[in-house]
Amino acid sequence: MTLPGHRPDTSSLRREVLISPGMCGAGSLVFGQIGDWTWEAVAAACGTNVHAARTADGRPAYLSFYYYRVRAGRTLHPHGLSFGDELRVDSRVFQFGGRSAVTLHRLAPAGLDLPDEPLDAAEVYERPHPDCLYAENFNRWIARSRSGSNESLAQTAPPDFAHRHLPRLPNAHSPRSPVGRAREAGSFHSAPPPGFAPAGPGFSCGYELDTVRDLNGAGLVYFAAYFAIFDTALLRSWRALGRADEQFLRRRVVDERIGFFGNADPGAAFRIEVRRWRGGPERPGAEIADMALRDAASGRLLAVASIETAPDGGGDRNGDGQER
């Protein structure tokens, strides 16, 4: 349950949230909920009916997700929320050109001593509160370029998308470069992440797009479904290592990133490649899963993901206590 929001300034929205079953769990629900908060924040800040936006020529326009990152704190992590948890959620929308926006979110335990001012980008990127969870959403306006097709989506914005009054995100924190490099390389980690080394051979699996579960009300692959698809591949790779499903459910995700580079039509089949990186002496037990999602028929890159788990999530040991 989310109580009506308070607006610290014209770019911001603050909510008091009671976590309900539809907001949490081991799947993608929490990511979908944060995405809904992004749409609400953009609608409030930009004066646009995000849920029924149209291009200048009357086509439906969608505020799509291009880059999504969540970083956990010591108290909150994305799969650690449960029924009845009370949160304060601060959201702020930043100007990022005429066809896109960046929205930052801070999820804090209710009652935590926090400033009343709008969420500061410097806090999110440079001095995060250790008890909070932070989310970064880079969204771009798109529309179908061909009726009935989810391929070759065009960048366009509704004419009433007001953005010039919004604060600018400092260039040092712009997601354009990291997500652009990830798209070019097919990975967020073209080289070993600092403090990590390769962990065993890669893993590959297929996935058939689930028409019932993976599409949204506009007939597009739902952005949160990508989280579930990558988790499905990661779980399969864990099972191949002899790890139990219970370990997967206990995992503590401390940093998760997805770059969304394409959509797909119903009936599509995907191929997902998984590489693992294990933390060195300074990060014992930490693990990063580096994944790429491609259309199985054409090889077209649709998304990349990086999921870092902390050692208390069971990432480095299987049921017999041996490292894998």
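The rules behind the values
Residues numbered from 1 in each chain as written. Predicted model: local features only at pLDDT ≥ 70, side-chain atom pairs only at ≥ 80, totals over all residues. Heavy atoms only, no water. Helix = DSSP H or I, 4+ residues; strand = E, 2+ residues; numbered from the N terminus. Polar contact = N/O pair within 3.5 Å; in protein donor to acceptor, adjacent residues only side chain to side chain. Buried < 20%, exposed > 50% of the residue type's maximum accessible area, 1.4 Å probe, protein only. Pairing = 2+ DSSP bridges. Core = buried A, V, L, I, M, F, W, Y, C linked by side-chain atoms within 4.5 Å. Contact = heavy atoms within 4.5 Å. Salt bridge = Lys/Arg side-chain N within 4 Å of Asp/Glu carboxyl O. Phe/Tyr/Trp six-rings, centres within 6.5 Å; stacked < 30°, edge-to-face > 60°. Expected span 1.5 Å × (residues − 1). Axes fitted to C-alpha atoms, helices over the stretch in contact; angles between N-to-C directions. Parallel < 35°, antiparallel > 145°, perpendicular 65-115°, else oblique. Left-handed = near helix turned anticlockwise from the far one by under 90°. Nonpolar A, V, L, I, M, F, W, Y, C, P; charged D, E, K, R; others polar. Disulfide = S-S within 2.5 Å.

Turning to its location among the elements, Arg71 is positioned in strand E2 (residues 62–71). Separated by 222 residues in sequence, Arg71 and Leu293 have C-alpha atoms that sit 22 Å apart. A polar contact is formed between the side chain of Arg71 and the backbone oxygen of Val124, at a distance of 2.3 Å.

Burial analysis of strand E9 (residues 252–260) places eight of its nine residues in the buried class, the great majority of the element. Sheet analysis places E2 next to E9, joined by five bridges and oriented antiparallel. Paired with Tyr68 across the two strands is Ile258, which belongs to E9. Pairing of E9 with strand E12 (residues 301–310) involves eight bridges; the strand directions are antiparallel. Following the sheet pairing, Arg257 is matched in E12 by Ser306.

Right, let's get into the nonpolar core. As a rule of thumb, nonpolar side chains are buried together in soluble globular proteins. If you look at the biggest cluster of nonpolar residues, it comprises 65 residues, and the most contacted ones within it are Tyr68, Phe270, Ile272, Met291 and Leu293. The leading source of residues in this core is helix H4 (residues 223–240), at 11 residues. In this view, Ile272 contacts Phe203, Ser204, Cys205, Tyr207, Ile229, Phe230, Ala233, Met291, Ala292 and Leu293; residues no more than four positions away in its chain are not counted. Grouped together as the second largest cluster of nonpolar side chains are 22 residues, Tyr66, Leu104, Ala108 and Phe138 included.

The next point concerns the pattern of salt bridges. The tally for this structure, following the rule as stated, stands at 18 salt bridges. Of the charged contacts, one joins Arg276 and Glu287 as a salt bridge, the two residues approaching to 3.2 Å between their closest N and O atoms. Remark: Glu287 occurs in strand E11 (residues 287–295) and Arg276 occurs in strand E10 (residues 269–279); sequence separation between them is 11 residues. Each member of the pair Arg276 and Glu287 is classed as buried.

Summed over all chains, the structure comprises 16 aromatic pairs. Aromatic pair Tyr66 and Phe261: ring centres 5.7 Å apart, planes at 70°, arrangement edge-to-face. Separated by 195 residues along the polypeptide, Tyr66 in strand E2 and Phe261 in the loop between E9 and E10 bring together distant segments of the chain. With centroids separated by 6.1 Å and ring planes inclined at 55°, the aromatic side chains of Tyr67 and Phe188 adopt a geometry described as tilted. Of this pair, Tyr67 sits in strand E2 while Phe188 sits in the loop between helix H3 (176–185) and strand E7 (196–198), placing them 121 residues apart in sequence. An identical accessibility class is assigned to Tyr67 and Phe188; each is buried. Grouped by ring-pair contacts, the aromatic residues Phe31, Phe65, Tyr68, Tyr222, Phe223, Tyr226, Phe227 and Phe260 constitute a single cluster.

All right, on to helix H1 (residues 29–46) then. Taking 1.5 Å as the rise per residue, H1 with 18 residues should run 26 Å; its terminal C-alpha atoms sit 26 Å apart, in good agreement. Of all 18 residues in H1, 13 are buried, a share of seventy percent or more. After H1 finishes, the residue Gly47 shows a positive phi value of roughly 65°.

With that settled, the discussion passes to unusual backbone geometry. Within the chain, Ser152 stands out as a residue other than glycine whose phi angle is a positive 55°. Secondary-structure assignment places Ser152 in the loop between strand E5 (133–143) and strand E6 (154–155).

With that settled, consider the environment of Ala26. Locating Ala26 in the fold gives a position in the loop between strand E1 (12–18) and H1. Residue classification places Ala26 among the partly exposed positions, given a relative accessible area of 36%.

Before going further, it helps to examine the packing of H1 against H4. Running from N to C, H1 and H4 cross one another at 160°; their axes reach a closest spacing of 9 Å. Relative to H4, H1 is oriented roughly antiparallel. The handedness of the crossing between H1 and H4 comes out as right-handed. Contacts from Phe31, Gly32 and Gly35 in H1 reach Phe223, Ala224 and Phe227 in H4. Here the contact of H1 with H4 is built from residues that sort into four nonpolar, two polar and no charged.

Its 18 residues give H4 an end-to-end C-alpha distance of 27 Å, which sits within 8% of 26 Å, the value for a rise of 1.5 Å per residue. Of all the 18 residues making up H4, 14 are buried; the element is thus mostly covered by neighbouring parts of the structure. Remark: Gly242 follows H4 within two positions and exhibits a positive phi of approximately 85°.

Here we come to the state of the cysteines. Tallied over the entire structure, the rule returns zero disulfides. Cys24 carries a free sulfur, and the closest cysteine sulfur to it, the one in Cys132, is 18 Å from it. The exposure class of Cys132 is buried, given its relative accessible area of 1%.

Scope: geometric values only; no functional claims are made or implied.
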